[in-house]
Amino acid sequence: MPSTLLWGAAGGIGKALTQQLTASGHMVVAVSRHPAEMKALTPHVIAADVTQPAQVSAAARMAAGMGAPFDLFIYAAGDIASLKTAEMTPADWNRILSANLTGAFLTAQASLPHLKADARLVFIGAVHERLRLPGLSAYAAAKAGLEAFAEVLRKETRLPVLVVRPGAVDTPFWKKVPFSMPKNALSPQTLAEKILTALEEDKTGMLDIG
Ligand SMILES: NC(=O)c1ccc[n+]([C@@H]2O[C@H](COP(=O)([O-])OP(=O)(O)OC[C@H]3O[C@@H](n4cnc5c(N)ncnc54)[C@H](OP(=O)(O)O)[C@@H]3O)[C@@H](O)[C@H]2O)c1
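Note that the structure is predicted; figures quoted are calculated from it, not measured.

Asks: Give me the lowdown on the site of the ligand, citing residues and values where you can.
Replies: Taken together, 28 residues lie near the ligand, and His34, Tyr139, Lys143, Val169 and Thr171 sit nearest. Asp49 is positioned such that a nitrogen or oxygen atom in its side chain is 2.8 Å from a nitrogen atom of the ligand. With respect to the ligand, the side chain of Tyr139 contributes an N or O atom lying 2.6 Å from an oxygen atom. Out of a free accessible area of 880 Å², the ligand has 90% covered by protein chains. Its residues assigned to classes, the shell around the ligand comprises 15 nonpolar, nine polar and four charged.

Dropping the structure here:
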């Protein structure tokens with residue numbers, strides 16, 4: 001049975017991915033800040049904040065005991081706030097950078113020893129070029145950094161690394177910003193289906209969806 005280690009699993013996109021991967025026969029280890037909630041979707045749940053190195057290391061060790069070596073690594077955590085630079089505190093900046101970028105580094109680093117030699121890695125990014133808007137400096141910078149990190153990681157590990165760049169997706173993410181969600185937002189289930197199809201087609205690099 002193929003196995004997936006999914007970090008940031010309790011978000012709208014993380015839950016849809018967990019559902020579809022389990023439905024397609026994957027054993028999914030779901031790491032999130034809401035393990036009790038995730039138990040409805042997979043029995044293999046672990047609690048961790050992806051921005052805390054000690055919690056990430058402990059979670060990776062625990063995950064290894066549940067299903068290593070893994071075929072698939074997914075990083076689906078993220079955070080956003082609309083705050084102009086003049087009003088953003090260092091704590092706001094760090095929270096957004098940590099959830100979107102530093103967490104990707106920490107979880108990838110901790111997961112690599114527990115992945116198969118031909119494992120695939122997927123990071124959920126964003127179409128950050130379109131998000132260089134007032135209030136989104138931290139988010140746009142973090143997602144741009146995520147792509148640079150993922151590209152270097154691919155060269156270092158020679159593993160297939162995919163950065164998915166969704167358009168709007170109908171998840172609780174939109175409650176964190178004072179913008180209306182576009183009417184054509186994808187459902188998280190549709191996005192998850194498209195990600196699984198991209199994996200079946202061996203897509204790597206950057207992939208815009210929606
Ligand atoms: N929704 C969209 O339109 C859209 C578009 C483009 C890209 N994306 C990206 O897609 C990814 C998933 O977003 P989503 O739409 O599924 O939003 P979501 O429902 O808000 O999910 C984000 C998840 O990240 C988790 N998270 C944030 N900080 C964390 C931390 N320090 N430790 C552990 N978990 C943490 C959140 O956990 P808590 O519930 O504990 O806060 C939440 O479960 C994000 O990277 C986002 O940037 C979303």
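The discussion continues.
Asks: Describe the environment of Asp208, and please don't skip the residues or the numbers.
Replies: Structurally, Asp208 is set in strand S7 (residues 205-209). Counting along the chain gives 83 residues from Asp208 to Gly125, while the straight-line C-alpha distance between them is 9.3 Å. Apart from the residues lying within four places of it in its own chain, the contact partners of Asp208 are Val127 and Arg165. Reaching out from Asp208, the side chain makes a polar contact with the side chain of Arg165 at a distance of 2.5 Å.

Asks: Tell me about the environment of Pro2, residues and numbers included.
Replies: Structurally, the position occupied by Pro2 is in the segment before strand S1 (3-7). Remark: the alpha-carbon pair of Pro2 and Ala144, spanning 142 residues in sequence, is separated by 31 Å. Setting aside anything within four residues of it in sequence, one finds Pro2 in contact with Gly25, His26, Met27 and Asp71.

Asks: Summarise the pairing of S7; cite the residues concerned and give the values.
Replies: Relative to S7, strand S6 (residues 161-166) runs parallel, the two sharing five bridges. By the bridge assignment for S7, Val163 is matched with Met206. Between the parallel pair S6 and S7, the chain is carried across by helix H6 (residues 188-200), and the sense of this crossover is left-handed.

Rules behind the numbers
Residues numbered from 1 in each chain as written. Predicted model: local features only at pLDDT ≥ 70, side-chain atom pairs only at ≥ 80, totals over all residues. Heavy atoms only, no water. Near = heavy atom within 4 Å. Polar contact = N/O pair within 3.5 Å; in protein donor to acceptor, adjacent residues only side chain to side chain. Areas by Shrake-Rupley, 256 points an atom, 1.4 Å probe, with all protein chains shown as cover. Nonpolar A, V, L, I, M, F, W, Y, C, P; charged D, E, K, R; others polar. Helix = DSSP H or I, 4+ residues; strand = E, 2+ residues; numbered from the N terminus. Contact = heavy atoms within 4.5 Å. Pairing = 2+ DSSP bridges. Right-handed = clockwise from strand over helix to strand, strands pointing away.

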